Amino acid sequence: MAAAAGSVGGDDHHHHQQARYPLDAGSYRLLCKIGSGVSAVVYKAACVPLGSAVVAIKAIDLERSRANLDEVWREAKAMALLSHRNVLRAHCSFTVGSHLWVVMPFMAAGSLHSILSHGFPDGLPEQCIAVVLRDTLRALCYLHEQGRIHRDIKAGNILVDSDGSVKLADFGVSASIYETAPSTSSAFSGPINHAPPPSGAALSSSCFNDMAGTPYWMAPEVIHSHVGYGIKADIWSFGITALELAHGRPPLSHLPPSKSMLMRITSRVRLEVDASSSSSEGSSSAARKKKKFSKAFKDMVSSCLCQEPAKRPSAEKLLRHPFFKGCRSRDYDYLVRNVLDAVPTVEERCRDSTQLCGCARGARCVSPCRHASSGSNVVAAKNRRISGWNFNEESFELDPTDKPPEQQQQQPCFPFHHDNDDDMVEHEQEQRRRQDGNDGSSDVAVPHLVTILGSLEMQRDMVMQVLEGDGGGGGETAGREEMLVGYVRELEKRVQELSTEVEEEMARNAHLQELLHERACENHTDSSHTSGSR
Amino acid sequence: MKGLFKSKPRTPADVVRQTRELLIFLDLHSGSRGGDAKREEKMAELSKNIRELKSILYGNGESEPVTEACVQLTQEFFRENTLRLLIICLPKLNLETRKDATQVVANLQRQQVSSKIVASEYLEANKDLLDTLISGYENMDIALHYGSMLRECIRHQSIARYVLESDHMKKFFDYIQLPNFDIASDASATFKELLTRHKATVAEFLSKNYDWFFSEFNTRLLSSTNYITKRQAIKFLGDMLLDRSNSTVMMRYVSSKDNLMILMNLLRDSSKNIQIEAFHVFKLFAANKNKPTEVVNILVTNRSKLLRFFAGFKIDKEDEQFEADKEQVIKEISAL
């Protein structure tokens, strides 16, 4: 970290002399839309009084945003108080009508997720991965040193500038361990309401029990929320992000998010960087272009993905890993020439997306600006964040039927172990409920999800029976695995069916609500009662 | 930052003393910014010390805080004017050290020495520090740090009372409307904290200062052109009036025709969120069993319009309480 400080002028010292960005809409000229979500639009803009400096402005519709104003403020404050060259910091924010404008640095190349989608569906070259991950780690080091946990590390939250420099974005779910009250005092109205203090006094102050993050990147102990969060959860997500950059998508992403969570809870996921070398015959994947990754890379990733949080290296230690030692400044040039120059500009990506998003549902929408497919509950939940400006990180819902079945084996994952199954049941239910609560349409979805849950429990019991019936014979592991995979597929199919149902139900409901709303509006305009002035 | 916690064993009191000496140096040599090598060196040392104070109070990655160490630190800290020096010198510190200092000050507000909150006693004897903290809202660079410290200080009832009774309360109506969203929201969080934390003190303040306070509240906040100001104010008004400890104030508020008119205008606001929050206050006017004639008159005059409005007034989420309240309001108005 010390080495990093000098290069781009230690941010601390220049903090006070920073240009003052004006706090009124009139000072900015909107150039073009570069992204949009359910309740926010991101523009590329010029700040006229500052020599038309280019900025990104995220305009959040506070009327449509699900977040309450306190949450929005908490995040704005977190962003205002972070200062590191690899962390995205807002220049300023102010209100324009019922919108909040957050003025941010313009990151010309967009998010890594968007870069993957627009030119590197099978992943980035290893040397590029190394430089962007090194910068991401520097950001993480800084955050962790501050006692701040990011909780949503993923390619979609890593923004790249035209020179290849990287900033970590989106602190919508981040939490500070310093903002919890010490265990003696209970009523603390500080900015931590969204992260209830740990229930058990035994938990250390760096534990959080609420659900946050995005399923695929979530570390097992975040899912097992009884363990609480630690900064090591970010390290897990960092490892998953490394795999995402290597393969173009996070592991298990062919499963729906809730499914991926279930898998990680009920199974011990063994992840390896080189997918084709994983357990059961990778021969079928030969068709796919085989990628070779260095041993250092594999070693780095697997250290992050250690099941036990305590065994994962800290961000600081990880930064000293041989994988990052090899980074040279010319790697940035390589990144610029071979990756950034190979993808369309963010403006072009946005234009594309309008068409892309018009295509059949279920197709992988790849742009950072997925058009208001407001039926997608996850998207709604995500979009209240103000710091990132990549909106469609959730569009990962790959359609499993699109893929040949071998793909599943290609996914670096499984074998099941039943050793920690018994105490999972409860938490898994709890998690699912919380997860369901998160997606904003819980009232409609709940009964259905309960049905799903019931079904999943039944299925799980079946799996358990198989596991118990085995009695510890080592020989037929492969056969058992196949059976389990079979069950998993069944389970998956069932979940798929049910979620389709839920979606249909939600669409119906949305339609009804629209009708209601329309009617309410009509009535409302009718009843323009002039307040008692007469 | 490596090796920071492994330095030679200094007692917590040593760290406080050194911090104080460095602050005094910084306070005296405040003229030139930067350039001065010696000053830079002292600054770096100060930053290190403040970070160490923080890690003693909060623990670090490996260890939980030790009570005895915290007691020693707190005692030494308040034995002399360390808090004053730290607050005064804050603008001279770099961002990271400001954050550490803020967290240290926050933590100290809860530390007890022989079951007494030392910080509270100190602040009572040094109330002018509160004036300094509040004026921080006028300086963008330090507003968020002073704001956080201030909210921690008003955890002490006597300190909250001091701020409530001071002229500063009037300034909050300006601070809440500052164009900078972070700072305006911070001021509004402090304002809310002042008016909710110590129930009895708040009730007393509101009844003594009813006239000017609600006149400011109505004209400046509820009638503000700033969407966030208006939305936060109406929500807060509802919370405040519905608090049982403020029932006298509530009765007084809902007996005024002028207040009713403001609320009826808010019911027609273009923002659904504001409408809903306004409803939660409006219902109190309707539910009042002893409505003054002027209130009844307005409700009767607008009865048909109100009833038509409520018939179409829905919220997105299903909410039994809301529906029941609405039902009740409709009944009350129809029966007039």
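Each value, and the rule that gives it
- Along every chain, residues carry numbers that run from 1 in the direction the sequence is written.
- Labels are handed out in written order, letters beginning with A for the chains and numbers beginning with 1 for the ligands.
- Where totals are concerned, whole chains, interfaces and linings use all residues; where local detail is concerned, this predicted model gives features only for residues with pLDDT of at least 70, and gives and counts side-chain atom pairs only at 80 or more.
- UniProt positions are given in the numbering used here, feature names are shortened, and annotations may be inferred rather than shown by experiment.
- Helix and strand assignments follow DSSP, with helices taken as H or I runs no shorter than four residues and strands as E runs no shorter than two, numbered in order from the N terminus.
- To assign burial, the other C-beta atoms lying within 10 Å of each residue's own C-beta are counted, with C-beta atoms placed from the backbone; 20 or more indicates buried, 12 or fewer indicates exposed, and intermediate counts indicate partly exposed.
- Confidence scores per residue from the predictor, reported as pLDDT, run from 0 to 100.
- Strands pair, by our definition, only if DSSP identifies at least two bridges between them.
- Take the buried Ala, Val, Leu, Ile, Met, Phe, Trp, Tyr and Cys residues, join any whose C-beta atoms are within 7 Å, and the set you get is a nonpolar core.
- Domain segmentation is taken from an automatic or database assignment of domains.
- Whether two residues are in contact depends on their C-beta atoms, placed from the backbone: they are in contact if these lie within 7 Å.
- In this context, the arc is that of the directions from the helix axis out to the C-beta atoms.
- Axis lines are fitted through C-alpha atoms, for helices just across the contact stretch, and the angle between N-to-C directions can take any value from 0 to 180 degrees.
- Small angles under 35 degrees read as roughly parallel and large ones over 145 as roughly antiparallel, with 65 to 115 read as roughly perpendicular and the rest as oblique.
- Left-handed is the label given to a crossing in which the near helix is rotated counterclockwise from the far helix by less than a right angle, and right-handed is the label when the rotation is clockwise.
- Residues are grouped as follows: Ala, Val, Leu, Ile, Met, Phe, Trp, Tyr, Cys and Pro are nonpolar; Asp, Glu, Lys and Arg are charged; all remaining types, including Gly, are polar.

Chain B is annotated in an unreviewed UniProt entry as MO25-like protein of Oryza rufipogon.

Per an unreviewed UniProt entry, chain A goes by the name Protein kinase domain-containing protein and belongs to Oryza rufipogon. Within the UniProt record for chain A, the comment given under Sequence similarities (unreviewed entry) is "Belongs to the protein kinase superfamily. STE Ser/Thr protein kinase family. STE20 subfamily."

**Q** Can you walk me through the overall build of chain B in this structure?
**A** In terms of regular secondary structure, chain B is built from 20 helices and two strands. A burial count over chain B gives 41% of its 336 residues as buried.

**Q** How should I be thinking about the confidence of the model for chain B in this particular structure?
**A** Low pLDDT marks regions whose predicted coordinates should not be analysed in detail. With 95% of its residues at a pLDDT of at least 70, chain B reaches an overall mean of 92. Predicted as a complex, the structure gets a pTM of 0.69 and an ipTM equal to 0.90.

**Q** What exactly am I supposed to notice about the sheet that holds strand β8 (residues 158–160) of chain A here?
**A** Either a parallel or an antiparallel arrangement is found when strands of a sheet pair, and the pairing is made through backbone hydrogen bonds. All names here are of chain A. Taken in spatial order, the three strands line up as β6-β8-β9 in an open sheet, and their pairing is antiparallel. Only two strands of the sheet have a single neighbouring strand rather than two, namely β6 (110–111) and β9 (166–168). In this structure, β6 lies alongside β8, joined through two bridges in antiparallel fashion. Looking across to β8, one finds that S111 is bridged to L159.

**Q** I tried to follow unusual backbone geometry on my own but got confused; where do I start?
**A** Backbone phi values are negative for most residues with the exception of glycine, while trans is the configuration of most peptide bonds. Backbone geometry at S52(A) places phi at a positive 55 degrees, although glycine is not the residue there. With respect to the secondary-structure elements, S52(A) resides in the loop between β2 (40–47) and β3 (53–61).

**Q** Can you walk me through the nonpolar core in this structure?
**A** Side chains of nonpolar character tend, in soluble globular proteins, to be buried together. Core analysis: the largest hydrophobic core is formed by 174 residues, its most contacted members being I57(A), I129(A), V132(A), V160(A), L133(B), L263(B) and A278(B). It is helix α5 (residues 126–145) of chain A that contributes the most residues to this core, 12 residues altogether. Each of domain 1 (23–105) and domain 2 (110–178 + 203–281 + 288–402) of chain A contributes no fewer than three residues to this core. Sequence-distant contacts of V160(A), defined by excluding residues within four places in its chain, comprise M107(A), A109(A), G110(A), L112(A), I115(A), V132(A), V166(A) and L340(A).

**Q** Would you take a moment to explain helix α16 (residues 257–267) of chain B for this structure?
**A** Residues that lie three or four places apart on an α-helix share one face, since the helix turns once every 3.6 residues. All names here are of chain B. The complete set of buried residues in α16 reads N259, L260, L263, M264, L266 and L267. Seen end-on, α16 carries its buried residues on one side only, within an arc spanning 155 degrees. If you follow the buried residues of α16, they end up packed against α13 (210–222), α14 (227–242), α15 (247–253), α17 (272–287), α18 (293–301) and α19 (303–311).

**Q** I would appreciate a short explanation of the packing of α14(B) against α17(B) in the present structure.
**A** When two helices pack together, their arrangement is given by the angle between the helix axes and the distance between those axes. Residue and element names in this part refer to chain B. At their nearest, the axes of α14 and α17 sit 9 Å apart, and the two run at 30 degrees to each other. Here α14 lies roughly parallel to α17, going by the angle between them. You can see that α14 and α17 cross each other, and the crossing is left-handed. Here K230, R231, I234, K235, L237, G238 and L241 of α14 come into contact with α17, specifically with N273, I274, E277, A278, H280, V281 and L284. Looking at side-chain class alone, the contact of α14 with α17 contains seven nonpolar, three polar and four charged residues.

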